[in-house]
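Here is how the chains run, residue by residue.
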Amino acid sequence: MDTYMPSGKSIERKWYVIDAQGQTLGRLASAVATILKGKNKPTYTPFLDMGDYVIVINADKFTVTGKRLDQKIYHKHSDYIGGYKTATLRELKASKPEKVIEHAVAGMLPKGTLGREMLGKLHVYAGAEHPHAAQKPETLAL
């Protein structure tokens with residue numbers, strides 16, 4: 001008997017909407033990463049992008065525990081002299097809450113082209129509205 005190996009054409013992708021209001025950042029990110037990888041499907045294959053599309057709404061209303069709002073620091077560098085910048089979670093949540101969730105999910109996905117392909121199926125919005133109604137997304141409760 002041959003082992004079943006899914007091909008790129010046989011993958012069926014769904015759209016899911018996840019409301020981040022009141023959700024803890026890490027638990028939300030791990031649930032989203034699982035769906036993006038496709039680990040919730042019985043046909044999961046580690047080296048293929050089997051995942052579904054995920055829309056996260058209310059990205060500005062997630063929660064964190066402890067003193068993370070002030071102690072967690074995000075770093076970036078522009079590769080120019082003096083181009084090192086830092087921001088706390090509180091500052092980033094106030095200005096770009098979508099980036100916080102994208103960064104958390106990206107850390108839980110594979111690195112390389114496969115992970116970037118999976119991350120492309122993530123759509124994060126700060127408000128409760130999203131422009132993907134035509135895809136008929138299903139609401140997913142965590």
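A short tour of the structure in this document, coming up. (Residues numbered from 1 in each chain as written. Predicted model: local features only at pLDDT ≥ 70, side-chain atom pairs only at ≥ 80, totals over all residues. Heavy atoms only, no water.)

Comments concerning the pattern of salt bridges
A full pass over the atoms with the stated rule returns six salt bridges. Ionic pairing is found between K121 and D49, a salt bridge with its closest N-O pair at 2.5 Å. One end of the pair, K121, is in the loop between helix 5 (113-119) and strand 5 (122-124); the other, D49, is in the loop between helix 1 (25-37) and strand 2 (53-57), and 72 residues separate them in sequence. A single burial state applies to K121 and to D49, both of which are buried. (Salt bridge = Lys/Arg side-chain N within 4 Å of Asp/Glu carboxyl O. Helix = DSSP H or I, 4+ residues; strand = E, 2+ residues; numbered from the N terminus. Buried < 20%, exposed > 50% of the residue type's maximum accessible area, 1.4 Å probe, protein only.)

Side note on the nonpolar core
Counting 27 residues, the largest nonpolar core has V32, V54, V56, I101, V105 and L122 as its most contacted members. Those elements that place two or more of their residues in this core are strand 1 (15-19), helix 1, strand 2, helix 3 (89-95), helix 4 (97-106), helix 5 and strand 5. For V32, the residues in contact, after removing those within four places along its chain, are I18, V54, V56, V105 and L122. (Core = buried A, V, L, I, M, F, W, Y, C linked by side-chain atoms within 4.5 Å. Contact = heavy atoms within 4.5 Å.)

What about the packing of helix 1 against helix 4?
Across the interface, helix 1 lies against helix 4 with an axial gap of 8 Å and an inter-helix angle of 60°. One element, helix 1, and the other, helix 4, form an angle in the oblique class. As for how helix 1 packs across helix 4, the hand of that crossing is right-handed. Two secondary-structure elements touch here, helix 1 through L25, L28, A29, V32, A33 and L36 and helix 4 through V100, I101, A104 and V105. Class assignment for the residues of the contact of helix 1 with helix 4 results in 10 nonpolar, no polar and no charged. (Axes fitted to C-alpha atoms, helices over the stretch in contact; angles between N-to-C directions. Parallel < 35°, antiparallel > 145°, perpendicular 65-115°, else oblique. Left-handed = near helix turned anticlockwise from the far one by under 90°. Nonpolar A, V, L, I, M, F, W, Y, C, P; charged D, E, K, R; others polar.)

Examining the sheet that holds strand 5
Here four strands make up an open sheet; going across it, the order is 5-2-1-6 and the pairing parallel. The open sheet has two edge strands, strand 5 and strand 6 (138-139), and neither has a second partner. Strands strand 2 and strand 5 of the sheet are contacted by helix 4, whose axis makes an angle of about 155° with strand 5. (Pairing = 2+ DSSP bridges.)

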